[in-house]
Amino acid sequence: MGKIDPSIKQAIEQLPKKELEKLVLKVAQADKQFHDYLIVNYADKEFGEQDLFKQAQSDIDSLLLKKYKGYSNELRGAKYLAACNKRITTFGNICKKKELQMDLIMGVLDGVFSTYSDLLGTCFTSFDYQTSLLLNKAISLLQKKLHEDFRIEYEPKINKFLTILHSKSNHLDSIYRMPANI
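Summarised in this report is the structure supplied together with it. (Residues numbered from 1 in each chain as written. Predicted model: local features only at pLDDT ≥ 70, side-chain atom pairs only at ≥ 80, totals over all residues. Heavy atoms only, no water.)

1. Some remarks on the nonpolar core
Ranked by internal contacts, the top residues of the largest apolar core, which has 43 residues, are Phe91, Met102, Met106, Val108, Leu109, Leu135 and Ile158. Secondary structure elements with two or more residues in this core: α4 (48-65), α5 (73-94), α6 (98-115), α7 (125-145) and α8 (149-169). No other element matches the nine residues that α6 contributes to this core. If we ignore the near neighbours within four places in the chain, the residues touching Leu109 are Thr131, Leu134, Leu135, Ala138 and Phe161. (Core = buried A, V, L, I, M, F, W, Y, C linked by side-chain atoms within 4.5 Å. Buried < 20%, exposed > 50% of the residue type's maximum accessible area, 1.4 Å probe, protein only. Helix = DSSP H or I, 4+ residues; strand = E, 2+ residues; numbered from the N terminus. Contact = heavy atoms within 4.5 Å.)

2. A look at the packing of α7 against α8
The interhelical angle for the contact between α7 and α8, taken along N-to-C directions, is 155 degrees, at an axis separation of 11 Å. By the angle between their directions, the pair α7 and α8 is classed as roughly antiparallel. Here α7 and α8 pass one another in a crossing that is left-handed. From α7, Asp128, Thr131, Ser132, Leu135, Ala138, Ile139, Leu142 and Gln143 reach across to α8, where they touch Phe150, Arg151, Tyr154, Glu155, Ile158, Phe161, Leu162, Leu165 and Ser169. In terms of residue class, the contact of α7 with α8 is built from ten nonpolar, four polar and three charged. (Axes fitted to C-alpha atoms, helices over the stretch in contact; angles between N-to-C directions. Parallel < 35°, antiparallel > 145°, perpendicular 65-115°, else oblique. Left-handed = near helix turned anticlockwise from the far one by under 90°. Nonpolar A, V, L, I, M, F, W, Y, C, P; charged D, E, K, R; others polar.)

3. A few points about the pattern of salt bridges
Taken as a whole, this structure holds six salt bridges when the rule is applied. Of the charged contacts in the structure, one is a salt bridge between Lys22 and Glu19, with a shortest N-O distance of 3.8 Å. Taken together, the residues span about one helical turn, with Lys22 and Glu19 both in helix α2 (residues 17-30) at a distance of three residues. A salt bridge links Asp36 to Lys32, with the nearest nitrogen and oxygen atoms 3.1 Å apart. Taken together, the residues Asp36 and Lys32, both in helix α3 (residues 32-43) and four residues apart, mark about one turn of the helix. The exposure class of Lys32 is exposed, given its relative accessible area of 54%. (Salt bridge = Lys/Arg side-chain N within 4 Å of Asp/Glu carboxyl O.)

So, in structure tokens, the structure goes:
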């Protein structure tokens, strides 16, 4: 959404409290992301993020069961990873605790590298690319948003994932440009 028109801002300032309450409730009913934002920041400050985290985990688990279109397992896997990335981004826009977002990313990456690593390096490069996007997101979060103490927990796994990805898919520019380790 772009910049809010000054006339709208003035109109909102002049609204009576009852009208403002109705407006907020209407928007919360229409927009799930705004609804979740209200829960985390106002309604349930203590456990709101944890509840949303559990819901996001449940959503990602259900994405694995969904049937994706594609001629090969790699193409279907790429669509799954794109859907997971979208859900994680939605969660990250609401959540203040970035370690919860990192846990979601690492959960998906653990599944990819433990179960589906044989799909990497094939002629269907979209799976490799989607995996590299998630791994880049994890690296960025670790280096820019998370406290130094979390490096001990996540850095060895990320380095292991980078080693596997470079060994199987280094022919792709997006993966070749990734660091060998962090």
